[in-house]
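Residue-level listing of the chains:
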Amino acid sequence: MVEIRTVTNRRELKSFVQFYYDLYRGNAYAVPYLFFDEMATLRHDKNPSFECCEAEYFLAYRDGKIVGRVAAIINRRANERWNCHQVRFGWFDFIDDVEVSTALLKAVEDWGRQRGMSEIAGPLGFIDTDREGMLIDGFNELSTMYVNYNYPYYPQHMEQMEGFKKDNDYVECKVKVPEVVPAKFAKITEMVGKRYGLRVHKFTRHELIEEGYGQKVFDLLNATYKDLYGFSQLSQRQIDKLVNDYIKIADLNLVTAVMDGDNMVGFGITFPSFSEAMQKTRDGRLFPFGWWHVLKILKWHKTPLVDLLLIGVLPEYRAKGANALIFDDLIRQFQAYGFEYAITGPQMETNEGVLSQWQYLESIPYRRHRCYRKIL
């Protein structure tokens with residue numbers, strides 16, 4: 001028999017986080033997430049998303065042993081934006097037992113109904129920069145820190161559950177870094193510079209932190225992502241945290257902006273892949289020795305892979321070729337660092353404009369994630 005318990009204290013929250021590492025220990029494709037980052041994301045006193053969200057965490061037990069976990073989340077800002085009453089499920093992991101997975105989602109459904117919710121969807125996080133979707137294709141590909149990895153039986157369970165249907169798919173691509181920048185990008189870059197006056201800008205740390213351009217990056221993200229699936233506008237506290245978590249440690253050669261005069265109209269943020277380094281840590285912990293593997297990536301980029309973390313261009317500038325400026329610059333940086341492949345972030349399968357930008361490069365679909373939805 002499966003028993004569902006609510007997480008009520010710090011010790012139980014640590015068990016909630018630890019379950020993922022125990023379930024995937026030894027898996028060649030799963031990448032451990034940073035333990036302290038997972039804890040901070042789930043804590044009410046650490047995550048600024050609780051300004052607009054409420055959440056509850058559930059653990060499944062059998063014979064006194066943890067066999068599954070799930071987070072129930074209501075993002076009020078997103079529900080207002082999309083005019084719905086939705087409870088999200090995330091951090092959804094379980095052994096290969098349908099009784100366990102069903103009991104966990106029922107706990108989320110019941111919790112949501114008690115709060116007036118009329119539908120359930122997920123896997124989703126608090127906000128769009130959290131991990132989204134359940135892996136349904138690409139199980140034998142190395143994952144990243146930024147996406148969910150799960151066993152093939154997960155979607156099989158979802159297909160057996162009554163009422164859950166596909167709501168949205170994300171596609172990730174593996175892009176070969178070319179030896180020569182494609183002529184198409186070089187040509188567009190020259191053309192938009194002459195016709196529209198657009199230019200590439202490489203930020204200094206002072207500009208990003210002290211002059212507020214880090215803030216402007218995420219203001220731009222709010223503008224460019226506003227119509228994407230499930231997106232809710234980032235608050236000031238959320239932006240401050242993202243600047244602190246990413247901008248302060250980014251290699252600025254791997255950050256590119258497109259400027260129209262003094263106005264930023266597009267950006268690209270990329271990081272060397274931490275996947276193999278994180279696999280060498282002890283359950284996502286940097287101490288005692290994990291820090292060394294991560295430091296080698298941060299300082300010396302000892303990896304053939306680079307992750308395309310965030311890319312955004314204002315709609316009115318996409319048709320002007322601003323995306324080409326970003327890729328023209330980043331490809332040159334990737335070549336200089338010796339990266340062999342770039343791994344894109346999740347892209348909606350219906351976003352033809354984004355997916356079509358890889359047509360000038362050698363790329364293949366790499367992974368696919370799915371969000372499910374059920375009317376309560």
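Above this text is the structure in question.
Figured I'd write up the structure that's included with this text. (Residues numbered from 1 in each chain as written. Predicted model: local features only at pLDDT ≥ 70, side-chain atom pairs only at ≥ 80, totals over all residues. Heavy atoms only, no water.)

Re the nonpolar core
Under the convention used in this document: To form a nonpolar core, buried Ala, Val, Leu, Ile, Met, Phe, Trp, Tyr and Cys residues must be joined to one another through side-chain atoms within 4.5 Å. Burial classification: accessible surface area is computed with a 1.4 Å probe over protein chains only, and a residue below 20% of its type maximum counts as buried, one above 50% as exposed, and the rest as partly exposed. Here a residue-residue contact requires only that any non-hydrogen atoms of the pair lie within 4.5 Å.
Core analysis: the biggest nonpolar cluster contains 125 residues, and Tyr57, Phe126 and Phe218 have the highest contact counts within it. Once residues within four sequence positions are removed from consideration, Phe218 is found in contact with Leu234, Ile239, Leu242, Val243, Ile247 and Leu310. Counting six residues, the second largest nonpolar core, distinct from the first, contains Leu124, Tyr229, Met348 and Cys371.

Considering helix H5 (residues 153–160)
As a reminder of what qualifies: A helix here means a DSSP run of H or I that spans at least four residues, while a strand means a run of E at least two residues long, and both kinds are numbered starting from the N terminus.
For H5, the set of buried residues is Tyr153, Tyr154, Pro155, His157 and Met158. Structurally, H5 contributes buried residues whose contacts are with helix H1 (10–24), strand S4 (86–94), helix H4 (98–114), strand S6 (134–137) and strand S14 (363–375).

A look at the packing of aromatic side chains
Basically, it comes down to this: Each Phe, Tyr or Trp ring, with Trp reduced to its six-membered ring, pairs with another whose centre is within 6.5 Å; inter-plane angles below 30 degrees give stacked pairs, above 60 give edge-to-face pairs, and intermediate values give tilted ones. When the NZ atom of lysine or the CZ atom of arginine is within 6 Å of a ring's centre and also within 35 degrees of its normal, the charge is said to sit over that ring.
Scanning the entire structure with this criterion turns up 28 aromatic pairs. Between Tyr20 and Tyr21 the ring centres are 6.3 Å apart and the planes differ by 85°, which places this aromatic pair in the edge-to-face class. Ring geometry for Tyr24 versus Tyr149: centroids 5.9 Å apart, planes at 80°, classification edge-to-face. Of this pair, Tyr24 sits in helix H1 while Tyr149 sits in the loop between S6 and H5; the two residues are 125 residues apart in sequence, bridging distant segments of the chain. Sitting above the plane of the Tyr61 ring, Arg5 keeps its charged end 3.8 Å from the centroid.

A closer look at the pattern of salt bridges
Heads up, the rule is: The working definition used for a salt bridge is a side-chain nitrogen of Lys or Arg within 4 Å of a carboxyl oxygen of Asp or Glu.
Applying the stated criterion to the full structure yields 28 salt bridges. In this structure, the salt-bridge partner of Arg76 is Glu54, at a minimum N-O distance of 4.0 Å. Taken as a pair, Arg76 in helix H3 (residues 76–82) and Glu54 in strand S2 (residues 53–62) lie far apart in primary sequence, 22 residues in all. When its relative accessible area of 35% is taken as the criterion, Arg76 is described as partly exposed. Salt bridges linked by common partners bring Lys106, Glu109, Asp110, Arg113 and Lys374 together as one network.

With respect to the pairing of S14
As a reminder of what qualifies: Here, any two strands with at least 2 DSSP bridges between them count as paired.
Here four bridges tie strand S5 (residues 119–122) to S14, and the two strands are oriented antiparallel to one another. Counted as the bridge partner of Ile120 is Lys374 from S14. By the bridge criterion, three bridges tie S6 to S14 in an arrangement that is antiparallel. Opposite Leu135, over in S14, you have His369 as the bridge partner. Pairing between strand S7 (residues 165–176) and S14: ten bridges, direction antiparallel. Counted as the bridge partner of Lys166 is Tyr372 from S14.

Regarding a nonpolar patch on the surface
Just so we agree on the cut-off: Each patch is assembled from residues with relative accessible area greater than 30% and no salt bridge, linking like charges that lie within 9 Å and nonpolar side chains (Val, Leu, Ile, Met, Phe, Trp, Tyr) that lie within 5 Å. The method behind every accessible area is Shrake-Rupley, applied with a 1.4 Å probe, and residues are considered shielded solely by the protein chains displayed.
Together, Phe287, Trp291, Trp292 and Trp300 give the surface a local cluster of nonpolar side chains, amounting to about 490 Å² of exposed area. On the secondary structure map, Trp292 appears in helix H11 (residues 290–300). Here Trp292 falls in the partly exposed class, since its relative accessible area comes to 39%.

Some details on the pairing of strand S9 (residues 255–260)
With five of its six residues buried, S9 lies for the most part within the structure. For strand S8 (residues 198–201) and S9, the ladder comprises four bridges, and the chain directions are antiparallel. Following the sheet pairing, Leu198 is matched in S9 by Asp260. Pairing geometry for S9 and strand S10 (residues 263–272), over six bridges, is antiparallel.

A look at unusual backbone geometry
Pro123 follows Gly122 through a cis peptide bond whose omega is 0°. Mapped onto the elements, Pro123 comes out in the loop between S5 and S6. With an omega of 10°, the peptide bond running from Phe287 to Pro288 counts as cis. We note that Asn83 has phi near 50°; this positive angle belongs to a residue other than glycine. Positive phi outside glycine occurs at Asp283, with the angle close to 55°. Here Asp283 is to be found in the loop between helix H10 (275–279) and H11.

Limitation: the analysis is restricted to geometry and does not speak to function.
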